[in-house]
Amino acid sequence: MESKTLVVVVEPGLQARPASEFVQKANSFASEIFLVKGSRRVNAKSIMGLLSLAIASGEKITLTGEGADSEAAIETLATFLTNETNTIEH
């Protein structure tokens with residue numbers, strides 16, 4: 001099992017468009033991928049699960065994955081969440 005803890009940089013957090021992009025990226029991998037915030041853990045491939053966490057920019061989360069491509073999945077998703085160029089302009 002792969003795991004990585006990070007601080008979300010994407011502004012304004014994982015809402016609407018950034019959440020949709022995140023889920024699309026997660027679904028491109030065969031591995032099971034989960035996002036953990038506090039005591040809650042949701043499937044990273046579920047838009048509803050992701051939105052239910054209400055992840056804001058600056059919050060600490062953990063990505064976990066299990067499967068053949070879990071290492072690549074975790075790295076790709078972590079890069080997306082910590083890349084300031086994914087910031088949505090208002």
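In every chain, residue numbers begin from 1 and rise along the written sequence. Thresholds applied to this predicted model are a pLDDT of at least 70 for local features of residues and 80 or more for the giving and counting of side-chain atom pairs; totals over whole chains, interfaces and linings are not thresholded and use all residues. Note that the side-chain values use all heavy atoms of the structure and ignore hydrogens as well as water.

1. So, the sheet that holds strand E3 (residues 40–43)
Next, step 1: If you trace the four strands from one edge of the open sheet to the other, you get E1-E4-E2-E3, paired in antiparallel fashion. If you trace the sheet from one side to the other, it starts and ends with strand E1 (2–7) and E3, each paired once. Averaged over all adjacent pairs, the angle separating strand axes in this sheet is 25°, with direction ignored.
Next, step 2: When DSSP finds two or more bridges between two strands, those strands count as paired. Runs of E in the DSSP output that reach at least two residues are strands. Runs of H or I that reach at least four are helices, and both are numbered from the N terminus. Direction of pairing for strand E2 (residues 32–37) relative to E3: antiparallel, over a ladder of four bridges. Bridge assignment links Val36 to a residue of E3, and that residue is Arg41. To obtain each axis, a line is fitted to C-alpha atoms, and for helices this fit is confined to the stretch in contact; angles are then taken between N-to-C directions over 0 to 180 degrees.

2. Considering the packing of helix H1 (residues 16–27) against helix H3 (residues 70–81)
Next, step 1: Relative orientation of the contacting elements H1 and H3 amounts to 165°, with a least axis distance of 10 Å. Taken together, the axes of H1 and H3 are roughly antiparallel relative to one another. Of the two elements, H1 crosses H3, and the hand of that crossing is right-handed. The residues of H3 that touch H1, namely those facing Pro18, Glu21, Phe22, Lys25 and Ala26, are Leu77, Phe80 and Leu81.
Next, step 2: Residue polarity follows a fixed list, in which Ala, Val, Leu, Ile, Met, Phe, Trp, Tyr, Cys and Pro are nonpolar, Asp, Glu, Lys and Arg are charged, and the others, Gly among them, are polar. Of the residues assigned to the contact of H1 with H3, the class counts are six nonpolar, no polar and two charged. Angle categories are assigned with fixed cut-offs, so that under 35 degrees is roughly parallel, over 145 is roughly antiparallel, 65 to 115 is roughly perpendicular, and the rest are oblique. With the far helix as reference, a near helix turned anticlockwise by less than a right angle produces a left-handed crossing, and one turned clockwise produces a right-handed crossing. Residue contacts are defined here by distance: any two heavy atoms, one from each residue, within 4.5 Å place the two residues in contact.

3. Observations concerning unusual backbone geometry
Next, step 1: A cis amide bond, omega 0°, links Glu11 with the succeeding residue Pro12.
Next, step 2: Structurally, Pro12 can be placed in the loop between E1 and H1.
Next, step 3: Even without being glycine, Ala16 reaches a positive phi, approximately 35°.
Next, step 4: Following the sequence through the fold, Ala16 ends up in helix H1.
Next, step 5: Positive phi, close to 50°, is recorded for Ala54, a residue that is not glycine.
Next, step 6: In this fold, Ala54 is placed in the loop between helix H2 (47–52) and strand E4 (60–66).

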